Amino acid sequence: MARTPRVTAPPGRLIVLSGPSGVGKDTVLHELRRLDPSLRYSVSYTTRQPRPGEEDGVAYSFIDEATFRAMAERGEFLEWADVHGHCYGTSEARIKEALDRGEDIVLKIDVQGASWIRPRVAGAVFIFLLPPSEEELRRRLVARDTEDEASLELRFNNAVAELADGAAYDHRVVNDDVFRAAEEILDIVRSRRAAIPG
Ligand code: 5GP
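None of the values given here were measured: they were computed from a predicted structure.

## Thoughts on the pattern of salt bridges
Thought 1: This model, assessed by the stated rule, comprises 18 salt bridges.
Thought 2: With a closest N to O distance of 2.8 Å, Arg140 and Glu136 form a salt bridge. Here Glu136 and Arg140 lie together in helix α5 (residues 134-144), a separation of four residues that amounts to about one turn.
Thought 3: Glu184 is paired through a salt bridge with Arg180; the nearest N and O atoms lie 2.8 Å apart. Highlighted residues: Glu184 and Arg180, both in helix α7 (residues 178-195), separated by four residues, approximately one helical turn.

## Section: the sheet that holds strand β5 (residues 77-83)
Thought 1: Taken together, the four strands give an open sheet; going across it, the order is β4-β3-β6-β5, and neighbouring strands pair in mixed fashion. One side of each edge strand has no neighbouring strand; the edge strands of this open sheet are β4 (61-62) and β5.
Thought 2: As defined by bridge partners, strand β3 (residues 45-46) adjoins β4 across two bridges and the pair is classed as parallel. By the bridge assignment, Tyr45 is partnered in β4 with Ser61.
Thought 3: Most of the contacts of helix α2 (residues 65-73) go to β5, to which it runs at about 140°, and overall it touches β3, β5 and β6 (86-91).
Thought 4: Packing of helix α3 (residues 92-100) onto the sheet brings it into contact with β3, β4, β5 and β6, and relative to β6 it is tilted by some 30°.

## Remarks on the nonpolar core
Thought 1: Counting 22 residues, the largest nonpolar core has Ile15, Leu17, Ile127, Leu129, Val173 and Ile185 as its most contacted members.
Thought 2: Going through the elements one at a time, β1 (14-18), α1 (25-35), β8 (125-130) and α7 are the ones with two or more residues in this core.
Thought 3: Examining the composition of this core, we find that six residues originate from one element, α7, more than from any other.
Thought 4: For Leu129, the residues in contact, after removing those within four places along its chain, are Leu17, Ser18, Gly19, Pro20, Val23, Gly24, Lys25, Val28, Val173, Asn175, Ala181 and Ile185.
Thought 5: Grouped together as the second largest cluster of nonpolar side chains are 18 residues, Ala98, Leu99, Ile117 and Phe128 included.

## Observations regarding the environment of Gly89
Thought 1: In this structure, Gly89 sits in strand β6.
Thought 2: Looking at Gly89, the relative accessible area reads 0%, which means it is buried.
Thought 3: Note: C-alpha distance between Gly89 and Thr46 (43 residues apart in sequence) is 6.5 Å.
Thought 4: When neighbours within four sequence positions are excluded, Gly89 is seen to be in contact with Ser44, Tyr45, Phe68, Phe77, Glu79 and Trp80.

## Things to note about the site of the ligand
Thought 1: Close to the ligand lie 16 residues; Ser44, Arg48, Tyr60, Tyr88 and Asp110 are nearest.
Thought 2: One nitrogen or oxygen atom from the side chain of Tyr60 is found 2.5 Å from an oxygen atom belonging to the ligand.
Thought 3: Here an oxygen atom of the ligand sits 3.3 Å away from a polar atom, N or O, in the side chain of Thr90.
Thought 4: Look at the ligand: alone it shows 510 Å² of surface, and the protein chains cover 97% of it.
Thought 5: Where the shell around the ligand is concerned, the elements lending two or more residues are β5 and β6.
Thought 6: In terms of residue class, the shell around the ligand is built from five nonpolar, four polar and seven charged.

## Digging into the packing of aromatic side chains
Thought 1: In the structure shown here, the tally under the stated rule is seven aromatic pairs.
Thought 2: Both rings, one in Tyr60 and one in Phe62, keep their centres 5.9 Å apart while their planes meet at 65°; by these two values the pair is edge-to-face.
Thought 3: Judged by its relative accessible area of 8%, Tyr60 falls in the buried class.
Thought 4: Here the aromatic cluster, defined as three or more aromatic residues joined through ring pairs, consists of Tyr45, Phe68, Phe77 and Trp80.
Thought 5: Positioned over the ring face of Trp116 is Arg120, at 3.3 Å from the centre of the ring.
Thought 6: The side chain of Arg138 reaches across the aromatic face of Phe156, ending 4.2 Å from its centre.

Rules used throughout
- Residues numbered from 1 in each chain as written.
- Predicted model: local features only at pLDDT ≥ 70, side-chain atom pairs only at ≥ 80, totals over all residues.
- Heavy atoms only, no water.
- Salt bridge = Lys/Arg side-chain N within 4 Å of Asp/Glu carboxyl O.
- Helix = DSSP H or I, 4+ residues; strand = E, 2+ residues; numbered from the N terminus.
- Pairing = 2+ DSSP bridges.
- Contact = heavy atoms within 4.5 Å.
- Axes fitted to C-alpha atoms, helices over the stretch in contact; angles between N-to-C directions.
- Core = buried A, V, L, I, M, F, W, Y, C linked by side-chain atoms within 4.5 Å.
- Buried < 20%, exposed > 50% of the residue type's maximum accessible area, 1.4 Å probe, protein only.
- Near = heavy atom within 4 Å.
- Polar contact = N/O pair within 3.5 Å; in protein donor to acceptor, adjacent residues only side chain to side chain.
- Areas by Shrake-Rupley, 256 points an atom, 1.4 Å probe, with all protein chains shown as cover.
- Nonpolar A, V, L, I, M, F, W, Y, C, P; charged D, E, K, R; others polar.
- Phe/Tyr/Trp six-rings, centres within 6.5 Å; stacked < 30°, edge-to-face > 60°.
- Lys NZ or Arg CZ within 6 Å of the ring centre and 35° of its normal.

Listed below in structure tokens is the structure:
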């Protein structure tokens, strides 16, 4: 599916954050936005069920498969992917609006989505969050305790396989400490702002 790029990163900048399930992307993102409230976060659409405490329109926009398919057919997603058996997609309109307003926006997407965006969005920065070790990753997945046993195994196996994909990213950040990792990401964003002024 070849498409002409319709979105370019300046005047706002697109920051793509990926990392295996359980690595702590949400906590790092939360800290990142606390450190820099001007950063926007792209709310994705998903067909998966909300987890306890997840609010519609905040964590994700939760939709059913038929709605997702219709949106995909209408070309409303900048990218979308099947992750762990559920569909996740980034609204092109939401991204474009933020970038046009000159806002820097963070996309928390999987490696398939990132590799779709890489050749299509000029000036985007790609950051991969790594766990300190595989053992620590499993421990965090178990501690999260939101998955049944089969889903946990699937996510862990996918997560280990995904670690290798980090090589394709501009920056790899180890989430050994949430605050330190968020500071490191903010330094990357700041140097990107200096390189590509909005
Ligand atoms: P979770 O269900 O744990 O919130 O997310 C599962 C995976 O889906 C994570 O790797 C997350 O980064 C990815 N994901 C979330 N939103 C999107 C999206 O819009 N597009 C893509 N490609 N992946 C997404």
